[in-house]
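Okay, here's what each chain looks like letter by letter:
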Amino acid sequence: MADKKGTDPKTYKFDTLSLHAGYQPHKNAGSRQVPIYQTTSYLFDDVDHAAALFNLERGGHIYSRISNPTVGVLEERVAALEGGTAALATSSGMSAIFLTVMTLCEAGDHLVVSSQLYGGTVNLFRLTLPKFGIKCTFVKPRDTEGFKKAIQKNTKGIFGELVGNPGNELMNMPEIAKIAHEAGIPLMVDATYQTPYLCKPFEHGADIVVHSLTKWMAGHGSSMAGILIEGGNFDWMQNDKFPTMTKPYEGYHGLSFAEEFGPTAFTMKARAEGMRDFGPCLSPQNAWNVLQGIETLSVRMKKHCSNAEEMVKYLLGHDSVAWVSHPSVPDHPDHDLAKKLLPNGRGSMIAFGIKGGKDAGVEFINNVKLASHLANVGDTRTLVIHPASGTHSQMDEATLKFAGLSHDMIRLSVGIEDINDIKNDFEVGFKASRKPRLVSNQ
Amino acid sequence: MKFKVNGQEVFASTGGRPFDKNKPLIIFVHGSGLTHMTWVLQTRYFAFHGYSVLALDMPGHGLSSGESLKSIEDMADWINNVIDAVGYKEASLVGHSQGCLVTVECTSRYPDKIKTLSLMGGAGAIPMNLELLTLAENNDPKAVDLMMDWAHGPAGHFGGHPVPGLYHINTGGMLAKSRTIKDTLGVDFRACDNYKNGFEAAKKIKIPTLSILATDDKMCPVKEGKKLADLIEGSQVDIIDNCGHMMLLEEADRVLKVLKNFITTNFPPKKI
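Below: a short report on this structure. Predicted model, so just to flag it, every value in this text is computed and none were measured. (Residues numbered from 1 in each chain as written. Chains lettered and ligands numbered in written order. Predicted model: local features only at pLDDT ≥ 70, side-chain atom pairs only at ≥ 80, totals over all residues.)

A short note on the overall build of chain A
Helix and strand counts for chain A come out as 17 helices and 12 strands. The globule rule puts the C-alpha radius of gyration for 442 residues at 22 Å, and the 23 Å found for chain A is close to it. For chain A, the C-alpha atoms occupy an extent of roughly 75 × 50 × 45 Å along the three principal directions. The 442 residues of chain A split such that 53% are buried. Residue pairs in contact within chain A that sit at least 24 positions apart in sequence constitute 73% of those at least 6 positions apart. (Helix = DSSP H or I, 4+ residues; strand = E, 2+ residues; numbered from the N terminus. Rg over C-alpha atoms; globule rule 2.2 N^0.38 Å. Buried ≥ 20, exposed ≤ 12 C-beta atoms within 10 Å, placed from the backbone. Contact = placed C-beta atoms within 7 Å.)

The following block contains the structure:
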């Protein structure tokens, strides 16, 4: 070992990886920007080369449903930022979750799932996965012991959003990871709200992380994308719960993913089987758009978080606001846990209750002009929605209650506009919400 | 597959194909603290092209049981025992880094058994940086972080893995942390540091030998690799530009191409 310099590793840090990870210009005609490989397929050198790619003997690209060089840069970049071993990008966050579950589970399996999730995710676990023979037990995110009690013999994993949508309840990720690992199953975390700038779930025990890249990672409300990332630390061979990871797989000449690929086995299987058979591939153009967003991730997240904390103070002091939920609020039940898990900022999602209930909420949303009323979060622009009539409207009353939703709740995704402009806009909305109504909202 | 050597269970990847004793045997020997998985972009090709492949987990590493062997000489004898255990009379050896010390020593000790030798990022001696050695022996994960830093060239630090979606440095780091650092990396580093017989062993080697070196290899620089190669009669040297010590991942295709040409010429596969 010739190097006698100090002992601090010189591997690139977060902001540098955001700009450079996964890409070498000299292998791409010197192009400083990542090229958009707008192609469906890739030339084989000869028959032997084709066979080698199909047999997973060599790395490379065959068909853009399975992999694409532009998408590959995005995958590697996000894996680097998360501290993971490998990643697989998909056409949306929902397809990333679906692919994760279908890579892990078979008919007859069971999952333990946090009850506070994006409404579409709730419906996937509650209604759609049972059609594939995969059943789920929902547990409230703060009920750490409840996760343990819900584990059955056929449970293959625990899934949750670190900070639940839209109620901002936190899962105690380190403790729930311990519960999962004691049961010999992985913890899967949707960390869309955090991005790796705010939290790296692998450092707190998660095994698989998923993101809707559509949100803060891309950041500009322009492109749909999702990703699953593997931590590389989960031992698939520790028990007999994961035969599709450990036993010879007929679809690839008897390959055992766990034996052959170890810390990247899950991603390899998700790509080789999941992308081949389900095909929710990400377009290279959208991958490129997301890469542009990631280049400024830390800069944007700082502004998102500082604006959010300003908005929390503003809402807490406002006469028209009944309650505010954000992990930065000292009396938020998860305030201390959030300080530990989210040291760089508590995120830019705020839930608040408007005095006057649902009707006041409708007036507020119909009258703000700067804040956009739409079904997205994590845009550079400020967004508002009334979940009970929008994102979570397909839930019945009981499910809404179990998910911690109320009819007076407004979900706010704080953008990076000038903070005073956001406040001024909200004043207009609140003023409208206080106007006398002909019909009582009660 | 799993089999026993000296009463201990050993794991070796067979490259995704069933182990077939009728085919010529290639044994891959990993570097310090690592596992069979470092070879995945080389072994599968040979397994699908007329060879039987064993990418070993050394004792105490990866999925193999037992304790790590404490000297390069013991590891060399153990490789000989592996060949016997799987019922072969001869084999071709491929080593990376510490695996080069082991395969050079093994070839010099068992000249009739070893038919070709391929060395990647090899040198006649690998004296360890004292700080790195101490960190590893103290079970400090910083040893792995430093190893991954120094083992990848400047280009490798950016990534660009041939397998889409894999990030080199984190994958390598995870392999090195898969067992207790002091019991794998710590023992291996000490064994490398103690080993002094590399150059003498090299002088005894009379079989076809290939050295693949990389211009940005800080761990085993080109000049050290050449010094070793010069002592092996008729050895071939291939130097990869813009690549570090983890050449088998950083430039997997180039390594496979060179390795394929060398092995198929000097140790032909069984026709299938």
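What about unusual backbone geometry?
Residue and element names in this part refer to chain A. The linkage connecting N165 with the following residue, P166, adopts the cis geometry, with an omega of 5 degrees. By the element assignment, P166 lies in the loop between β4 (155-161) and α7 (173-182). Positive phi, close to 60 degrees, is recorded for A29, a residue that is not glycine. Mapped onto the elements, A29 comes out in the loop between α1 (14-20) and α2 (47-54). Of note in this structure, H253 is not a glycine but carries a positive phi near 55 degrees. Residue placement: H253 occurs in the loop between α9 (243-246) and α10 (257-261). For H253, a count of 16 C-beta atoms within 10 Å translates into the label partly exposed.

Brief notes about the pairing of strand β4 (residues 52-56) of chain B
Residues and elements named next belong to chain B. Across the five residues of β4, five count as buried, placing the element largely inside the fold. Burial along β4 is two-sided: S52, L54 and L56 and V53 and A55, pointing in opposite directions, are all buried. Two elements, strand β2 (residues 8-13) and β4, share two bridges in a ladder whose sense is antiparallel. By the bridge assignment, A12 is partnered in β4 with L56. Bridge analysis of strand β3 (residues 25-29) against β4 gives four bridges, and the strand direction is parallel. Across the sheet, the residue bridging to I26 is V53, located in β4. With helix α1 (residues 40-47) bridging β3 and its parallel neighbour β4, the resulting β-α-β unit is right-handed. (Pairing = 2+ DSSP bridges. Right-handed = clockwise from strand over helix to strand, strands pointing away.)

Observations concerning the interface of chain A and chain B
In this complex, chain A contributes 47 residues to the contact, which on the side of chain B involves 45 residues. Of all the secondary structure elements, the ones that give two or more residues to the side of chain A that touches chain B are α3 (69-82), β1 (86-90), α10 and α11 (265-277) of chain A. Of the residues in the side of chain A that touches chain B, the class split is 16 nonpolar, 20 polar and 11 charged. (Nonpolar A, V, L, I, M, F, W, Y, C, P; charged D, E, K, R; others polar.)

Structural notes on the nonpolar core
Among the nonpolar cores identified, the biggest contains 225 residues, and I227, L228 and I350 of chain A together with I26, I27, L56 and I79 of chain B are the most heavily contacted of them. Among the domains, domain 1 (14-293) and domain 2 (298-433) of chain A are the pair contributing at least three residues each to this core. Excluding its chain neighbours within four sequence positions, the residues that come into contact with I79 of chain B are I27, V29, V102 and C106 of chain B. (Core = buried A, V, L, I, M, F, W, Y, C linked by C-beta atoms within 7 Å. Domains from an automatic or database assignment.)

Some words on helix α4 (residues 130-137) of chain B
Residues and elements named next belong to chain B. Residues of α4 that are buried include every one of L132, L135 and A136, and no others. Looking straight down α4, one finds that the buried residues subtend no more than 95 degrees of arc, so they occupy a single side. Where α4 is buried, its residues meet α5 (142-151) and α8 (181-194). One or two positions beyond α4, positive phi appears at N139, with a value near 65 degrees. (Arc of directions from axis to C-beta.)

What about the sheet that holds strand β5 (residues 187-190) of chain A?
Residues and elements named next belong to chain A. With mixed pairing, seven strands are arranged side by side in an open sheet as β1-β7-β6-β5-β4-β2-β3. This sheet does not close on itself; its edge strands, each paired only once, are β1 and β3 (135-139). Looking at each pair of strands side by side, their axes are set apart by 20 degrees on average, direction ignored. In this sheet, strand β6 (residues 208-212) lies alongside β5 in parallel orientation, the contact comprising three bridges. Of the residues in β6, the one forming a bridge with M188 is I208. Running at roughly 130 degrees to β1, α3 makes contact with β1, β6 and β7 (226-230) of the sheet. Against the sheet, α11 makes contact with β1, β6 and β7, and its axis sits at roughly 30 degrees relative to β1, the strand it touches most. (Axes fitted to C-alpha atoms, helices over the stretch in contact; angles between N-to-C directions.)

A short note on the environment of D238 of chain B
Residue and element names in this part refer to chain B. Inspection of the secondary structure assignment puts D238 in strand β8 (residues 236-240). In sequence terms D238 and A214 are 24 residues apart; their C-alpha atoms lie 8.4 Å from each other. Ignoring anything within four residues of it in the chain, the contact list for D238 reads L210, I212 and V258.

Some words on the pairing of β3 of chain B
All names here are of chain B. Burial analysis of β3 places five of its five residues in the buried class, the great majority of the element. Where burial is concerned, the two faces of β3 agree: the one with L25, I27 and V29 and the one with I26 and F28 are both buried. Relative to strand β5 (residues 91-96), β3 runs parallel, the two being bridged by four bridges. Note on β5: the bridge partner recorded for V29 is G95.

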